[in-house]
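Listed here are the chains, written in short residue letters.
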Amino acid sequence: MPKNKGKGGKNRKRGKNEADDEKRELVFKEDGQEYAQVQRMLGNGRCEATCIDGVKRLCHIRGKMHKKVWIAAGDIILVGLRDYQDDKADVILKYMPDEARLLKAYGELPENTRLNEGIAGGLDEEDDGPGDDYIEFEDEDIDKL
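Residues numbered from 1 in each chain as written. Predicted model: local features only at pLDDT ≥ 70, side-chain atom pairs only at ≥ 80, totals over all residues. Heavy atoms only, no water.

Under an unreviewed UniProt entry, the name given to the chain is Eukaryotic translation initiation factor 4C, and the organism recorded is Dorcoceras hygrometricum. Recorded in UniProt under Sequence similarities (unreviewed entry), the annotation for the chain is "Belongs to the eIF-1A family." (UniProt positions renumbered as here; feature names shortened; annotations may be inferred.)

1. Focus on the side chain of Glu34
By secondary structure assignment, the location of Glu34 is in strand E1 (residues 33-43). Judged by its relative accessible area of 10%, Glu34 falls in the buried class. A distance of 3.2 Å separates the side chain of Glu34 from the side chain of Lys29, its partner in a polar contact. In contact with Glu34, not counting residues within four places along its chain, are Lys29, Cys51, Ile52, Asp53, Ile77, Leu78, Val79 and Leu81. (Helix = DSSP H or I, 4+ residues; strand = E, 2+ residues; numbered from the N terminus. Buried < 20%, exposed > 50% of the residue type's maximum accessible area, 1.4 Å probe, protein only. Polar contact = N/O pair within 3.5 Å; in protein donor to acceptor, adjacent residues only side chain to side chain. Contact = heavy atoms within 4.5 Å.)

2. Topic: the pattern of salt bridges
Under the counting rule described, the total for this entry stands at eight salt bridges. A salt bridge links Lys56 to Glu48; the nearest nitrogen and oxygen atoms lie 3.9 Å apart. The shortest N-O distance in the salt bridge between Lys94 and Asp75 comes to 3.6 Å. Taken together, the positions of Lys94 in strand E5 (residues 88-94) and Asp75 in the loop between strand E3 (56-61) and strand E4 (76-81) put the pair 19 residues apart, joining distant regions of the chain. The same class applies to Lys94 and to Asp75, which are both buried. (Salt bridge = Lys/Arg side-chain N within 4 Å of Asp/Glu carboxyl O.)

3. As for the packing of aromatic side chains
Across all of its chains, the model carries two aromatic pairs by this definition. Relative to Tyr106, the ring of Phe28 has its centre 6.0 Å away and its plane inclined at 50°; by these criteria the two rings are tilted. Placement of the pair is Phe28 in the loop between helix H1 (10-15) and E1 and Tyr106 in helix H2 (residues 97-106), with a sequence separation of 78 residues. A residue is classified by how much of its surface remains accessible, and Phe28, at 36% relative accessible area, is partly exposed. On the numbers, 6.0 Å between centres and 50° between planes, the contact of Tyr35 with Tyr95 is tilted. Here the residue Tyr35 occupies a position in strand E1, and Tyr95 occupies one in the loop between E5 and H2, the gap between them amounting to 60 residues. Exposure remark for Tyr35: the relative accessible area of 0% places this residue in the buried category. (Phe/Tyr/Trp six-rings, centres within 6.5 Å; stacked < 30°, edge-to-face > 60°.)

4. Thoughts on the pairing of E4
In terms of residue burial, E4 counts as a mostly covered element, since five of its six residues are buried. Bridge count between E1 and E4: five bridges; the pairing is antiparallel. Note on E4: the bridge partner recorded for Glu34 is Val79. Between E4 and E5, which follow one another and run antiparallel, lie six residues. (Pairing = 2+ DSSP bridges.)

5. Brief notes about the sheet that holds strand E2 (residues 46-51)
Here five strands make up a closed barrel; going around it, the order is E1-E2-E3-E5-E4 and the pairing mixed. Ignoring which end each strand starts from, the neighbouring axes of this sheet average 50° apart. Pairing of E3 with E5 involves four bridges; the strand directions are parallel. Bridged to Ile61 within E5 is Val91. (Axes fitted to C-alpha atoms, helices over the stretch in contact; angles between N-to-C directions.)

Encoded structure:
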């Protein structure tokens, strides 16, 4: 039986999480870069995103972010445009929800951009009125059951 000579398995990789939750400096786009919103994930480190300039591009998640930064549909990302392929781009950075709100407030993102706030943001809109979530039975209905 061979001896393990490595420095650990997948649990070692899993534990190496740098604290990305802390505040970081807001990164704005430079020339050759564009803001985009992820439409859908395609697998194999790729996603389909609609850029702010209106072009739908196939984006490749760079190796530094792959399996470390999770990107979902609706996220705001910063992509690097390719000089030789206009329909493809590379994901440089994923913006956290609060950073995306700041970009919208600064006017970097257009006003019609819908920011995906996650589960907590969608709950407030669905509260139309009381009594929608349960059915009320009378005493005689319960006796029939």
